[in-house]
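Working through the structure, step by step
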Amino acid sequence: MPALKQIEDAEFIGIGVCSYKERFGDSADELNSKQCEIIKAEYVKAQNFIDNYGGKVFNSYETIVASNEIDALYIPLPPALHYKWAKLALENGKHVLVEKPSTITFSDAKVLAELAEKKNLGFHENYMFIFHKQLDAIEGIIKSGEIGDIRLYRISFGFPRRAMNDFRYNKALGGGALIDAGGYTIKYAARLLGESVKIKYAQMNYTDTDEVDIYGSAVLVNKNGTTVQVAYGMDNNYKCELEAWGSKGCIITGRVLTAPAGFVPTVIIRKGNEDEVRNLPSDDAFKKSIEHFVKCVNDEKTRKENYKTILKQAKLIEQFRKLAGQK
């Protein structure tokens, strides 16, 4: 929201709170005390949001989706709910900014992209890190030849276990480490490797106590043989790193996928036994992702390129699952 307030071409109108039926389905009961408390808590959160940022509260998702006051919707729901509400939003003529992953299957992402294209609507998957200036700076160092020819990239992203009621550990809500943490590593690997990227090896790991995958790894390559090893997890010691191993040196950097606005990232240039620490550009990837969404709304070429970008990511996740043996 702080980033959105800086966008001249966007105005915040309001926030939707789910209805009983939308939250609880066929078991919805407005007289059920537990359900009442859950919905009440949602309204309290929404009101606090409005108190901070203005706007109004819409009393159901269907209401905000159908509202004539709304041109575009941001959908930050758990992954398994993205397809349903993004599809309904597009059907109602709304541009859609959806949190990553866009959907939990390639086929669903394809339906949404085709629907958005048919209706000339913006459809953007919110991988914000990809817009951060530090990525260009890192690639500039690599292209300069300072660390020589690249022999290998490694991307690692993982974080400690969260509360068990977190949607990431809930299969029905689209949980799992691959489409959460793993999606970041695959997205970045695809940027480094270009259009010919393919997944050659993939592994999804489970525990005896969880219903979703908890960590995993993969190897991606391009037509030139350039290789990226990725590893990720959501019951891990925190790590958010890129390592570029060259013939003359190495680049090691942290916070490459999660740098917040104003944060100054750093990179270690290692040559032999000597390390040099350099600052990378700070940036506001939140704002730039919204700006890209606005460009998708207003520019047909950008809009169509974005559909392809979303489908490329969804296809790679599908390839990963197949290689790892998950149906």
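Now for a description of the structure that goes with this document. Every value quoted in this text rests on a predicted model; they were computed, and no experiment measured them. (Residues numbered from 1 in each chain as written. Predicted model: local features only at pLDDT ≥ 70, side-chain atom pairs only at ≥ 80, totals over all residues. Heavy atoms only, no water.)

Here we look at the overall build of the protein
Counted only if it meets this: Runs of H or I in DSSP of at least four residues are treated as helices and runs of E of at least two as strands, each being numbered from the N terminus. Taken over C-alpha atoms, the radius of gyration is set against a globule rule of 2.2 Å times the number of residues to the power 0.38. Every residue pair with non-hydrogen atoms within 4.5 Å of one another is taken to be in contact. We get accessible surface area from the Shrake-Rupley algorithm with a probe of 1.4 Å; when it comes to residues, only the shown protein chains can shield them. Charge counting treats Lys and Arg as positive and Asp and Glu as negative, with His and both chain ends excluded. Each charge is placed at NZ for Lys, CZ for Arg, CG for Asp and CD for Glu.
A tally of helices and strands in the protein yields nine helices and 13 strands. The C-alpha atoms of the protein give 21 Å as radius of gyration, which agrees with the globular expectation for 327 residues (20 Å, within 12%). Taking the principal axes of its C-alpha atoms as reference, the protein extends roughly 70 × 50 × 35 Å. In the protein, the proportion of contacts linking residues at least 24 apart, taken out of those at least 6 apart, comes to 64%. Of the roughly 16,600 Å² of accessible surface on the protein, a fraction of 48% belongs to carbon and sulfur atoms. Averaging the coordinates of the 45 positive side-chain charges in the protein and doing the same for the 43 negative ones gives two points 5 Å apart.

A look at the pairing of strand 13 (residues 274-279)
Residues in a regular strand project their side chains so that they alternate between the two faces of the sheet. Rules: To sort residues, take the accessible area from a 1.4 Å probe on protein chains only and compare it with the maximum for the residue type: under 20% means buried, over 50% means exposed, and anything in between is partly exposed. A pair of strands is treated as paired once DSSP finds two or more bridges between them.
Taking burial as the measure, the six residues of strand 13 include zero buried ones, a minor fraction of the element. Sheet topology places strand 12 (residues 266-271) next to strand 13; six bridges connect them, and they run antiparallel. Counterpart to Ile268 in the pairing with strand 13 is Val277. From the end of strand 12 to the start of strand 13, which pair antiparallel, there are two residues, and Gly272 there has a positive phi angle of about 65 degrees.

Points about the packing of aromatic side chains
Rule in force here: Working definition: rings of Phe, Tyr and Trp (its six-membered ring) pair if their centres are within 6.5 Å, and the pair is stacked with planes under 30 degrees apart, edge-to-face with planes over 60 apart, and tilted otherwise. Lysine NZ or arginine CZ positioned within 6 Å of the ring centre and within 35 degrees of the ring normal marks a charge as sitting over the ring.
Considering all chains together, one arrives at 11 aromatic pairs under this definition. Taking the centre distance of 5.8 Å and the plane angle of 40 degrees together, the rings of Phe129 and Tyr184 count as tilted. Taken together, the residues span a long stretch of sequence, with Phe129 in the loop between strand 5 (123-125) and helix 6 (133-143) and Tyr184 in helix 7 (residues 178-193) at a distance of 55 residues. Neither Phe129 nor Tyr184 differs from the other in exposure class; each is buried. Taken together through their ring pairs, the aromatic side chains of Tyr127, Phe129, Phe157, Phe159, Tyr184 and Tyr188 make up a single cluster. Between Lys56 and the ring centre of Phe58, over which it is positioned, the NZ or CZ distance is 4.8 Å. One Lys or Arg, Arg255, reaches over the ring of Phe263 and ends 5.0 Å from the middle of that ring.

Side note on helix 4 (residues 82-91)
Counted only if it meets this: Here, the arc refers to the directions that run from the helix axis to the C-beta atoms.
Along helix 4, the residues that are buried comprise His82, Trp85, Ala86, Ala89 and Leu90. Down the axis of helix 4, the buried side of the element spans an arc of 135 degrees, and every buried residue falls inside it. Taken from the residues just after helix 4, Gly93 is the one with a positive phi, measuring 75 degrees.

Regarding the nonpolar core
Quick note on the threshold: Residues belong to a common nonpolar core when they are buried Ala, Val, Leu, Ile, Met, Phe, Trp, Tyr or Cys residues joined through side-chain atoms within 4.5 Å.
Within the largest apolar cluster, 48 residues are counted, with the highest numbers of intra-cluster contacts made by Ile155, Tyr188, Leu257 and Phe320. When residues of this core are assigned to their parent elements, the largest contribution, 10 residues, is made by helix 7. When near neighbours in sequence (up to four residues on either side) are disregarded, Ile155 contacts Thr185, Tyr188, Ala189, Leu192, Val228, Gln229, Val230, Ala231, Glu241, Leu242 and Leu257.

Topic: the side chain of Lys100
Our working definition: Any N or O atom pair separated by 3.5 Å or less is treated as a polar contact, with the protein-specific requirement of one donor-capable and one acceptor-capable atom, and with residues adjacent in sequence counted only for side-chain atom pairs.
Inspection of the secondary structure puts Lys100 in the loop between strand 4 (95-98) and helix 5 (106-118). With a relative accessible area of 10%, Lys100 lands in the buried category. One polar contact links Lys100 to Asp180, side chain to side chain, over a distance of 3.3 Å. Setting aside residues up to four positions removed in sequence, Lys100 forms contacts with His82, Glu125, Asn126, Tyr127, Asp180 and Tyr184.

Describing the sheet that holds strand 5
The following threshold applies: Between N-to-C directions, angles cover 0 to 180 degrees, with each direction set by a line fitted to C-alpha atoms, over the stretch in contact for helices.
Read from one edge of the open sheet, three strands run 3-4-5, paired in parallel fashion. With one partner strand each, in any of the chains shown, strand 3 (72-75) and strand 5 form the two edges of the open sheet. Taking the axes of each pair of neighbouring strands and ignoring which way they run, one obtains an average angle of 10 degrees across the sheet. Here strand 4 runs beside strand 5; their pairing, made up of three bridges, is parallel.

Here's the deal with the side chain of Lys94
Applicable threshold: Put simply, a salt bridge is a Lys or Arg side-chain nitrogen that is within 4 Å of an Asp or Glu carboxyl oxygen.
Topologically, Lys94 is positioned in the loop between helix 4 and strand 4. One buried charge, Lys94, has no salt-bridge partner; the nearest side chain with opposite charge is Asp71, at 7.1 Å. Polar side-chain contacts of Lys94 include one of 3.1 Å to the backbone oxygen of Val65. Apart from the residues lying within four places of it in its own chain, the contact partners of Lys94 are Val65, Ala66, Ser67, Ile70, Asp71, Leu73, Ala89 and Leu121.

Some details on the sheet that holds strand 11 (residues 250-254)
Spatially, the eight strands line up as an open sheet ordered 7-8-9-6-10-11-12-13, and their pairing is mixed. Edge positions in the sheet fall to strand 7 (198-205) and strand 13, since each has one partner strand and no second. Mean inter-strand twist for the sheet, computed between neighbouring axes without regard to direction, equals 15 degrees. Here strand 11 pairs with strand 12 via four bridges, running antiparallel. Considered in strand 12, the bridge of Ile252 is made with Ile268. Sitting on the sheet, helix 7 touches strand 6 (150-158), strand 7, strand 8 (215-221), strand 9 (227-233) and strand 10 (239-246), and the angle it makes with strand 9 is about 165 degrees. Relative to the sheet, helix 9 (residues 300-324) contacts strand 7, strand 8 and strand 9, its axis offset from that of strand 7 by approximately 60 degrees.

By themselves these figures say nothing about function.
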